[in-house]
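# Remarks on the overall topology
What follows is the residue order along each chain.
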Amino acid sequence: MAGILIIAHTPFASALRDCISHIYGGLPARIGVIDVTPNCDPVEQLSNASAEVERLREENGVLVLTDIYGATPANIAGRLSSLPDVRVVAGVNLPMLVRAVCYRSTPLDTLVDKALSGGAKGIQGVAPPAPAPLASLLTPCEPATETEHHASTRNDHCQ
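Below is a summary of the structure that appears in this document. Here the structure is a predicted model, which is why all the values come from computation and not from measurement. (Residues numbered from 1 in each chain as written. Predicted model: local features only at pLDDT ≥ 70, side-chain atom pairs only at ≥ 80, totals over all residues. Heavy atoms only, no water.)

## Let's talk about the side chain of N60
The residue N60 is located in the loop between α2 (42-56) and β3 (62-66) in this model. There is a polar contact of 3.2 Å between the side chain of N60 and the backbone oxygen of R104. A distance of 2.5 Å separates a polar side-chain atom of N60 from the backbone oxygen of T106. Other than its neighbours up to four places away in sequence, N60 contacts M1, A2, R104, S105, T106, P107 and L108. (Helix = DSSP H or I, 4+ residues; strand = E, 2+ residues; numbered from the N terminus. Polar contact = N/O pair within 3.5 Å; in protein donor to acceptor, adjacent residues only side chain to side chain. Contact = heavy atoms within 4.5 Å.)

## As for the sheet that holds strand β4 (residues 86-90)
Ordered by their spatial adjacency, four strands build an open sheet running β2-β1-β3-β4, and the pairing between neighbours is parallel. Strands at the two margins of the open sheet, each flanked by one partner only, are β2 (31-36) and β4. Each neighbouring strand pair of the sheet contributes to a mean axis angle of 20 degrees, computed without reference to strand direction. Judged from the five bridges that link them, β3 and β4 form a sheet pairing that is parallel. Within β4, the residue paired with L63 across the bridge is R87. Against the sheet, α2 makes contact with β1 (3-9), β2, β3 and β4, and its axis sits at roughly 175 degrees relative to β2, the strand it touches most. (Pairing = 2+ DSSP bridges. Axes fitted to C-alpha atoms, helices over the stretch in contact; angles between N-to-C directions.)

Next up, the structure:
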């Protein structure tokens, strides 16, 4: 099972970890984060990241996920890609992370493909819902008169 390290602008890495913990009802093992602050020392962060990779390393390696390609967190992460059995993917989003957690037991290169696929498939345009019939706008409170209904819809709630 691969370890996963998220390196991103603060507080994004921690927020992604917290989302995974929420989704799974607890944090899965071997997931680490490094939140990169605006005034960080990149050399020090690289040292921290290298230590974190070794802490998280599993039999099939470590997947490092980072946010914006070309930014400081991705530059730090990119340096880790020269380590054995470490792969780096930029552009992390929550669907990518969920997919990576789901496929951690696959070979590292397969895991990268699954993470990339999950990230891309998680980006979708969402169409507005079809207009609801007037009756469905009423909540299960007492039926409103037409005048009351218009007043409540203007206030966008019914108490």
